Amino acid sequence: EPAAKRVKIAVAKDAAFHFYYPENLELLEAYGAECLFFSPLAGETVPAGVHGLYLGGGFPEEFAAQLSGNRAVSESVRRAIHRGLPTLAECGGFMYLCEELETTDGQRYPLVGVIPGRITMQRRLAALGYREVTGIRPNFLLGEGESAKGHEFHYSTYAPSGDIPHAYETKGLRGVKREGFARGNLVAGYTHLHFASNPAVVKRWIERCREVAQDG
């Protein structure tokens, strides 16, 4: 596919956001996306001219002060999402999009703020294991009743402020629960999706990016 026609997806990549299944990035490229990496920690804003945004997992809590202090970066992420950029945020990326993060020593840091609620760090592992996830209606990547596989690994809990539209129903060893947040062109949650388990996720994301690129 000619480079000019390829959909450009900005991918956050640095010490705070570094967990991506390599196959996920390979599948995005195979289906016609170009991944443009940027570092929120280094103060890099969402690159200009992109059609989608991917905020992966990592340890944003270790860099909470720095991420919170980089207001230009969080503002660029907030603007991109409000503008309708098709966005997937997983684990660390999901945490970053919440209103604030409270560390284990009780410090609170305001973050991007597009997802209502607070992330609270725990000293013990809050969730670990493989998940089968099923889409819930507002999730544009995974249709209602469609499933994919993934995993969860995190030391934090999320407390929403009020009722929120969830992204997934996740099934693990401890049973079924609703998790994440989905609204418009944003899908976010603790689950790391493995795209190879349902490549339709990749196709939908790229199609949505193309639509937004045409509208824009």
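Residues numbered from 1 in each chain as written. Predicted model: local features only at pLDDT ≥ 70, side-chain atom pairs only at ≥ 80, totals over all residues. Heavy atoms only, no water.

**Some thoughts on the overall build of the chain**
Of the regular secondary structure elements, the chain holds five helices and 15 strands. Whereas a compact globule of 216 residues would reach a radius of gyration of roughly 17 Å, the chain reaches 16 Å, a difference of no more than 12%. Principal axes of the C-alpha set define a box for the chain whose edges measure 50 × 40 × 30 Å. Here the chain holds 216 residues, and the buried ones make up 52% of them. In the chain, 70% of the contacts between residues at least 6 apart in sequence involve partners at least 24 apart. With the model as given, the accessible surface of the chain reaches about 9700 Å², and the carbon-plus-sulfur share is 50%. Seen as two clouds, the 24 positive and the 25 negative side-chain charges of the chain have centres 2 Å apart. (Helix = DSSP H or I, 4+ residues; strand = E, 2+ residues; numbered from the N terminus. Rg over C-alpha atoms; globule rule 2.2 N^0.38 Å. Buried < 20%, exposed > 50% of the residue type's maximum accessible area, 1.4 Å probe, protein only. Contact = heavy atoms within 4.5 Å. Areas by Shrake-Rupley, 256 points an atom, 1.4 Å probe, with all protein chains shown as cover. Lys, Arg positive; Asp, Glu negative; His and termini not counted. Charge placed at Lys NZ, Arg CZ, Asp CG, Glu CD.)

**As for the pattern of salt bridges**
Under the defined criterion, the tally for this structure stands at 14 salt bridges. Glutamate 29 is paired through a salt bridge with arginine 6; the nearest N and O atoms lie 3.6 Å apart. Separated by 23 residues along the polypeptide, glutamate 29 in helix H1 (residues 22-30) and arginine 6 in the segment before strand E1 (7-12) bring together distant segments of the chain. Residue glutamate 29 is classed as partly exposed on the basis of its relative accessible area of 34%. Judged by relative accessible area, arginine 6 falls into the buried class, the value being 16%. Lysine 149 is the partner of glutamate 132 in a salt bridge, and the nearest nitrogen-oxygen pair spans 3.6 Å. Pair noted here: glutamate 132 is in strand E8 (residues 127-135) and lysine 149 is in strand E9 (residues 147-154), with a separation of 17 residues, a long-range link. Taking relative accessible area as the criterion, glutamate 132 reaches 28% and is therefore assigned partly exposed. Lysine 149 sits in the partly exposed class, given a relative accessible area of 47%. The network of salt bridges with shared partners includes Glu100, Glu102, Arg108 and Arg118. (Salt bridge = Lys/Arg side-chain N within 4 Å of Asp/Glu carboxyl O.)

**Observations concerning the sheet that holds strand E12 (residues 175-179)**
To summarise the sheet geometry, strands pair through backbone hydrogen bonds and adopt either a parallel or an antiparallel arrangement. Read from one edge of the open sheet, five strands run E12-E11-E8-E9-E15, paired in antiparallel fashion. Edge positions in the open sheet fall to E12 and strand E15 (192-194), since each of these has one partner strand only. Each strand of the sheet is rotated relative to its neighbour by a mean of 35°, with strand direction disregarded. Alignment of E8 against strand E11 (residues 168-172), held across four bridges, turns out to be antiparallel. (Pairing = 2+ DSSP bridges. Axes fitted to C-alpha atoms, helices over the stretch in contact; angles between N-to-C directions.)

**A look at the environment of tyrosine 155**
As for its position among the elements, tyrosine 155 is in the loop between E9 and strand E10 (156-160). Accessibility expressed as a relative area gives 31% for tyrosine 155, which makes it partly exposed. Through-space distance from the C-alpha of tyrosine 155 to that of glutamine 122 is 5.4 Å; in sequence the pair is 33 residues apart. The contacts of tyrosine 155, once residues within four sequence positions are left out, are Thr120, Met121, Gln122, Arg123, Arg124, Leu125 and Ala126.

**A word on helix H3 (residues 71-82)**
A rise of 1.5 Å per residue sets the reference length of H3, with its twelve residues, at 16 Å; its end C-alpha atoms lie 16 Å apart and thus fit the reference within 8%. Every buried residue of H3 is accounted for by Val73, Ser74, Ser76, Val77, Arg78, Ala80 and Ile81. Residues of H3 that are buried sit in contact with strand E3 (52-55), strand E4 (87-90), helix H4 (92-97) and strand E14 (186-189). Directly after H3, the chain includes glycine 84, whose backbone phi takes a positive value near 95°. (Expected span 1.5 Å × (residues − 1).)

**Thoughts on the sheet that holds strand E6 (residues 108-110)**
As summarised here, the arrangement of the four strands in space is E6-E5-E7-E10, forming an open sheet in which the pairing is mixed. The strands lining the two open edges of the sheet, one partner per strand, are E6 and E10. Across the sheet, the mean angle separating the axes of adjacent strands is 20° when strand polarity is ignored.

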